[in-house]
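This is what each chain is made of:
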Amino acid sequence: MPTILIVDDEEDIRELIAINLLREEKYALLEAVNGLEALHLAKTKKPDLIILDLMLPEMDGLTVHKNLKEDPRTVNTPVIMLTARGRLEEKIQGLEMGADDYLSKPFSPKELILRVRNLIRRTNQNQGGSFIERGPFSLDKNALKLHLEGEEIELTATEFKLLLSLIESPGITQERSDLLKKVWGYSDMIQTRTLDTHIKRLREKLGSNGNSIETVRGVGYRFVEGTVEYDPSWISSSLLV
């Protein structure tokens, strides 16, 4: 039975989430009312997923998330962020830091259940895999680790899932909407630039091998092995991020 940590200082929000999770899926639940308590529970109880409000006392949600990603015990724990409606910068910052999904308050309990279900399923699928090797790339789907030319490259869970989605279908162009669905679970993201931002960060971490991720003008991205010779009829420099 998956364990979910609910982090919110508003009792009615925690109760709303808990009632719906128990009614629909019978998850095991943990609750925290502030950032410090959330970190303690995350690192000692090791939940399978965290629902994290950004507006928390003692330590805000973005700081909590940063601490989670810096600790090897929690670096791969999926996180759904809860944000106040209209706080666009916080949402973008959270996604760029590697959050797996977000919801704006007030939210639909049915939508929350669906997003939780999707993240749990994707995490279980990753844990059931093995190694994938493409040229100098070696991906361990169990540990969510990348080795490039024998050297481990530190990726966030979202960056790893994005690279894995591309590498599993080498040479095949994947549409932006398909990648958003596969990696984040939804195509109705706050801004389509979220995908571009993650691609940019991923290329930077891959260094000279970053050109293995090719931008296909007006369509999406694809993974190609070896050095890419950019064809201007296919590649738009305005989309290279």
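Residues numbered from 1 in each chain as written. Predicted model: local features only at pLDDT ≥ 70, side-chain atom pairs only at ≥ 80, totals over all residues. Heavy atoms only, no water.

Turning to the overall build of the protein, a few remarks are in order. Secondary structure summary: the protein contains eight helices and twelve strands in total. The proportion of buried residues among the 241 residues of the protein is 51%. With an accessible surface of roughly 11,400 Å², the protein has 49% of that area assigned to carbon and sulfur atoms. (Helix = DSSP H or I, 4+ residues; strand = E, 2+ residues; numbered from the N terminus. Buried < 20%, exposed > 50% of the residue type's maximum accessible area, 1.4 Å probe, protein only. Areas by Shrake-Rupley, 256 points an atom, 1.4 Å probe, with all protein chains shown as cover.)

Two strands pair when backbone bridges link them, and strand S6 (residues 131-134) and strand S7 (residues 137-140) are joined in this way by four bridges, in the antiparallel orientation. Residue pairing across strands places Phe131 opposite Asp140, the latter belonging to S7. Hairpin remark: S6 followed by S7, antiparallel, with two residues in the connecting loop; positive phi at Gly135, about 60°. (Pairing = 2+ DSSP bridges.)

At a minimum axis distance of 9 Å, the contact between helix H6 (residues 157-167) and helix H7 (residues 176-184) shows a crossing angle of 130°. Compared by their axis directions, H6 and H7 come out oblique. The interaxial crossing formed by H6 with H7 has right-handed handedness. Judged by residue contacts, Thr158, Lys161, Leu162, Ser165 and Leu166 of H6 engage Leu179, Lys182, Val183 and Trp184 from H7. Considering only residue class, the contact of H6 with H7 consists of five nonpolar, two polar and two charged. (Axes fitted to C-alpha atoms, helices over the stretch in contact; angles between N-to-C directions. Parallel < 35°, antiparallel > 145°, perpendicular 65-115°, else oblique. Left-handed = near helix turned anticlockwise from the far one by under 90°. Contact = heavy atoms within 4.5 Å. Nonpolar A, V, L, I, M, F, W, Y, C, P; charged D, E, K, R; others polar.)

Attention shifts here to the pattern of salt bridges. Under the counting rule described, the total for this entry stands at 16 salt bridges. Residues Glu214 and Arg222 are paired through a salt bridge, measuring 2.2 Å at the closest nitrogen-oxygen approach. With respect to burial, Glu214 and Arg222 carry one shared label: buried. (Salt bridge = Lys/Arg side-chain N within 4 Å of Asp/Glu carboxyl O.)

Next up on the list: the sheet that holds strand S8 (residues 145-148). The strand order S6-S7-S8-S9 describes an open sheet built from four strands, whose pairing is antiparallel. At either end of the open sheet lies a strand with only one pairing partner, and these are S6 and strand S9 (151-153). Neighbouring strand axes in the sheet, compared pairwise and without regard to direction, differ in orientation by 25° on average. Contacts from H6 reach S6, S7 and S8, with the element oriented near 120° to S7.

Now for the environment of Leu148. Take Leu148: it is sitting in strand S8. Along the sequence, Leu148 and Phe137 sit eleven residues apart, while their C-alpha atoms lie 4.9 Å from each other. If near-sequence neighbours (up to four positions away) are discounted, Leu148 is found in contact with Pro136, Phe137, Ile153, Leu206 and Asn209.

Bringing the packing of aromatic side chains into the picture now. Think of a pair of aromatic rings as described by two things: how far the centres are apart, and how the planes are tilted against each other in angle. For the structure shown, the criterion picks out one aromatic pair. Taking the centre distance of 5.3 Å and the plane angle of 85° together, the rings of Phe137 and Phe223 count as edge-to-face. With Phe137 in strand S7 and Phe223 in strand S12 (residues 220-223), this residue pair connects regions lying 86 residues apart in the sequence. By the burial criterion, Phe137 is buried, and Phe223 matches it. Above the plane of the ring of Tyr102 lies Arg115, whose end atom (NZ or CZ) is 5.8 Å from the centre. (Phe/Tyr/Trp six-rings, centres within 6.5 Å; stacked < 30°, edge-to-face > 60°. Lys NZ or Arg CZ within 6 Å of the ring centre and 35° of its normal.)

Turning to the sheet that holds strand S2 (residues 28-32), a few remarks are in order. Taken together, the five strands give an open sheet; going across it, the order is S2-S1-S3-S4-S5, and neighbouring strands pair in parallel fashion. A strand with exactly one partner marks an edge of an open sheet, and here the two such strands are S2 and strand S5 (101-105). Each strand of the sheet is rotated relative to its neighbour by a mean of 20°, with strand direction disregarded. Pairing of strand S1 (residues 3-7) with strand S3 (residues 49-53) involves four bridges; the strand directions are parallel. Looking at S3, one finds that Ile4 is bridged to Leu49. Where helix H2 (residues 35-45) meets the sheet, it contacts S1, S2 and S3, and its direction lies at approximately 145° from that of S2.

So, on to the nonpolar core. The nonpolar side chains of a soluble globular protein tend to be buried, and buried together. Grouped together as the largest cluster of nonpolar side chains are 46 residues, with contacts concentrated most on Phe137 and Leu163. No other element matches the seven residues that H6 contributes to this core. With residues near it in sequence (within four places) discarded, Phe137 still touches Ile132, Leu146, His147, Leu148, Leu163, Ile167, Leu206, Asn209, Ser212 and Phe223. Counting 18 residues, the second-largest nonpolar core is a separate cluster that includes Ile13, Tyr27, Ile51 and Phe107. (Core = buried A, V, L, I, M, F, W, Y, C linked by side-chain atoms within 4.5 Å.)

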